[in-house]
Amino acid sequence: PLWLPGERGRSAALAEAEGAAIESRATAAQLRIAATVREAWWQWQRARIEVNSARDQLDNTRRIAADVARRTKAGDLARADQHQADGAVASAEANMAQAEAAVAAARQHLRALAGTAPAPSEVAGALAEPDPSAAAADLEAHAALQELKDRAAVAERTVALAAAQSRANPELMLATTRDRGAFGEAAQQTITLGVRIPFGGGPRHDARTANARAEATEIQAQLALERERVIAEREAAKVRVDASRAQIAAAERRAQLARESRGFFDKSFRLGETDLPTRLRIEAEAAEAERQAARTRIELAAAISAWRQALGLLPQ
């Protein structure tokens, strides 16, 4: 077969575009996998916060129950107070068991995605991703957009190649023949040179060109929609980070006040100035405040990670 006018150059351009599309498709797949791993990682960190909070609450309720038991034996408190304190311990133990089950499930899910289980001693603060404020975040360099742009380039070059292939390729034929008329005679050799020139491609070529153009138009529409989605995702991720930063100060302040109140009521309870239900309520409020403060710190780190994901940055 012989090249049609412009077919060779357009075929090479199409092959080059397909190679770039394969690379961008691999990068986009890495980014999509990173989103799944990031979510699993921070879900594990949230579960660990719940375990730590449940453990602290269990330790504190056991300490209160031990104090109530001692005072009940001394006659300072009634048996009903002992039952109430023991019930609080049982509730804390149930919460602890539930939290441990959740963290084990989250850890196994992360192991299934990453291939290895994270060390239980790993802490979120040491492995949080850096703030992307100073990172290069060119919108058009986003892997999802680059994948569609490379696909669009492949479609456009497919259209150009289809336009050049308006008919079947001409064919150059070369044949050689050796024969002899009778035994003993010298062999005669003939060479045949032929050229086959087909006519236009007709409806088949028109259908192929139309399909290529339709695919190119569809990919361009997808690219426009994806660009709007990425812009909206970036803005939402930035707002989430700002909101998380604002929440940290309030959560830390609440936790500090709850710790101070716990100390006040613990002292007054030991002196017999506060009843047990009030002491247990203050303990529950303090534990919730501590959990919320820790959870807010995790949410900020997770929000920064989601912001980096929206910017198209892989985990660090």
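Everything below is about the structure shown above.
Per chain, residues are indexed from 1 in the order of the written sequence. This being a predicted model, a pLDDT of at least 70 is required before a residue's local features are given, and a value of 80 or more before pairs of side-chain atoms are given or counted; all residues contribute to the totals for chains, interfaces and linings. To get the side-chain values, take all heavy atoms of the structure and skip hydrogens and water.

Peer 1: Hey, could you run me through the side chain of Asn-60 in this one?
Peer 2: By the criteria applied, helices consist of DSSP H or I runs no shorter than four residues and strands consist of E runs no shorter than two, each listed in order from the N terminus. Relative to the helices and strands, Asn-60 is located in helix H1 (residues 7-73). Leave out the neighbours within four places in its chain, and Asn-60 touches Arg-262 and Glu-283. When checking whether two residues touch, look at their non-hydrogen atoms; a contact exists if any pair is within 4.5 Å.

Peer 1: Quick question: what am I supposed to make of the packing of aromatic side chains here?
Peer 2: Each aromatic ring pair is summarised here by two numbers: the centre-to-centre distance and the angle between the ring planes. Geometry of aromatic contacts follows a simple scheme: Phe, Tyr and Trp rings, the Trp one being its six-membered ring, pair when their centres are within 6.5 Å, and the pair is stacked under 30 degrees between planes, edge-to-face over 60, tilted otherwise. Enumeration according to the criterion identifies two aromatic pairs in this entry. Measuring from centroid to centroid gives 6.3 Å for Trp-41 and Trp-42, while their planes differ by 80°, and the two rings are edge-to-face. We call a residue buried when its accessible area falls under 20% of the maximum for its residue type, exposed when it is over 50%, and partly exposed in between, using a 1.4 Å probe and counting protein chains only. Of the residues examined, Trp-41 reaches a relative accessible area of 15% and is grouped as buried. Residue classification places Trp-42 among the buried positions, given a relative accessible area of 4%. Taken together, the aromatic side chains of Trp-41, Trp-42 and Trp-44 make up a single cluster linked through ring pairs. A cation over an aromatic ring shows up here: Arg-48 above the ring of Trp-44, its NZ or CZ 5.1 Å from the ring centre. Looking at Arg-71, its charged tip hangs above the ring of Phe-269, at a distance of 4.7 Å from the centre. A ring is considered to have a charge above it if a Lys NZ or an Arg CZ atom is located within 6 Å of its centre and within 35 degrees of its normal.

Peer 1: Can you help me understand the layout of surface pockets in this one?
Peer 2: Lining residues are those with an atom within 4 Å of a point, where the points come from a 1 Å grid over the protein atoms alone and group into cavities, where a 1.4 Å probe fits but cannot get out, or pockets, open sets with protein on both sides within 12 Å along at least five of seven lines. Grid points are joined across faces, edges and corners, and a volume is the space filled by probe spheres set on the points. Reported here for the second largest pocket is a volume of approximately 200 Å³. Lining the second largest pocket are 13 residues, and of these Glu-39, Arg-240, Ala-302, Ala-306 and Gln-309 lie nearest its centre. For the lining of the second largest pocket, the elements supplying multiple residues, two or more each, are H1, helix H5 (203-270) and helix H6 (276-310). Ten residue types, Ala, Val, Leu, Ile, Met, Phe, Trp, Tyr, Cys and Pro, are classed as nonpolar, four, Asp, Glu, Lys and Arg, as charged, and the remainder, Gly among them, as polar. Class assignment for the residues of the lining of the second largest pocket results in six nonpolar, two polar and five charged.

Peer 1: Where do I start with the packing of H1 against H6 in this structure?
Peer 2: For any two helices packed against each other, the geometry is given by the interaxial angle and the distance between the axes. Axes here mean lines fitted to C-alpha atoms, for a helix over just the part in contact, with angles spanning 0 to 180 degrees between N-to-C directions. With their axes 10 Å apart at the nearest point, H1 and H6 run at an angle of 165° to one another. Compared by their axis directions, H1 and H6 come out roughly antiparallel. Of the two elements, H1 crosses H6, and the hand of that crossing is right-handed. Within the contact of H1 with H6, the residues separate by chemical class into 15 nonpolar, six polar and 10 charged. Geometric relationships in this document are graded by angle, where less than 35 degrees denotes roughly parallel, more than 145 denotes roughly antiparallel, 65 to 115 denotes roughly perpendicular, and other angles denote oblique. Here a crossing is called left-handed whenever its near helix is offset anticlockwise from the far helix by less than a right angle, and right-handed whenever the offset is clockwise.

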